[in-house]
Amino acid sequence: MRERRFSCVDTTHEDPAIGAFLGLLEADIRSGRNLTTLPENLGQTMLANANHSVNLDEDIDGEVAL
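Residues numbered from 1 in each chain as written. Predicted model: local features only at pLDDT ≥ 70, side-chain atom pairs only at ≥ 80, totals over all residues. Heavy atoms only, no water.

Caption draft 1: Summary view of the overall build of the protein. The helix and strand inventory of the protein stands at two helices and two strands. Helices and strands appear in the protein in the N-to-C order β-α-α-β. Here the C-alpha atoms of the protein give a radius of gyration of 18 Å, more than 25% beyond the 11 Å that 2.2 N^0.38 yields for 66 residues. A total of 66 residues make up the protein; the buried ones form 2% of that total. Counting every atom, the protein has about 6800 Å² of accessible surface; 55% of that belongs to carbon and sulfur. Across the protein, the centroid of the 5 positively charged side chains sits 5 Å from that of the 12 negatively charged ones. (Helix = DSSP H or I, 4+ residues; strand = E, 2+ residues; numbered from the N terminus. Rg over C-alpha atoms; globule rule 2.2 N^0.38 Å. Buried < 20%, exposed > 50% of the residue type's maximum accessible area, 1.4 Å probe, protein only. Areas by Shrake-Rupley, 256 points an atom, 1.4 Å probe, with all protein chains shown as cover. Lys, Arg positive; Asp, Glu negative; His and termini not counted. Charge placed at Lys NZ, Arg CZ, Asp CG, Glu CD.)

Caption draft 2: Quick look at helix H1 (residues 16-31). Relative to the 22 Å expected for 16 residues at 1.5 Å per residue, H1 spans 23 Å between its end C-alpha atoms, a close match to the ideal helical length. The opening residue of H1 is Asp 15, an N-cap whose side-chain oxygen sits 2.8 Å from the backbone nitrogen of Ala 17. (Expected span 1.5 Å × (residues − 1). Polar contact = N/O pair within 3.5 Å; in protein donor to acceptor, adjacent residues only side chain to side chain.)

Caption draft 3: Up close: a nonpolar patch on the surface. A contiguous nonpolar surface patch, about 570 Å² in accessible area, is contributed by Ile 18, Phe 21, Leu 22, Leu 25, Ile 29 and Leu 35. Summarising the element assignment, Leu 35 is placed in the loop between H1 and helix H2 (40-49). Assessed through its relative accessible area of 48%, Leu 35 is described here as partly exposed. (Patch = residues over 30% accessible without salt bridge, like charges linked within 9 Å, V, L, I, M, F, W, Y side chains within 5 Å. Salt bridge = Lys/Arg side-chain N within 4 Å of Asp/Glu carboxyl O.)

Caption draft 4: Representation of the side chain of Asp 28. As for its position among the elements, Asp 28 is in helix H1. When its relative accessible area of 12% is taken as the criterion, Asp 28 is described as buried.

Caption draft 5: How the structure looks around unusual backbone geometry. Even without glycine at this site, Asn 34 takes up a positive phi of about 55°. Tracing the backbone through its elements, the reader meets Asn 34 in the loop between H1 and H2.

Caption draft 6: Quick look at the pattern of salt bridges. One pass over the full model with this rule turns up two salt bridges. Glu 26 serves as the salt-bridge partner of Arg 30, at 2.8 Å between the closest nitrogen and oxygen. Taken as a pair, Arg 30 and Glu 26 lie in helix H1 at a separation of four residues, close to a single helical turn. Among the residues examined, Arg 30 registers a relative accessible area of 69% and is labelled exposed. Glu 26 gets classed as partly exposed once you look at its relative accessible area, which sits at 41%. Arg 33 is the salt-bridge partner of Asp 28, the closest N and O atoms lying 3.0 Å from each other.

As structure tokens, then:
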């Protein structure tokens, strides 16, 4: 099996669909519409990982599931 290495690339890319989605999301949050709580397991996982340091410039080794 061939080794694959990935790294971050600095780029400026703006997707109008993402901008429109974020605008819609912002409007919903400001007005209090369409908001619910996080699923319990997601909230617990986020809290458990809140203090883990991350190096975004570090290379990723091995397989990655997206």
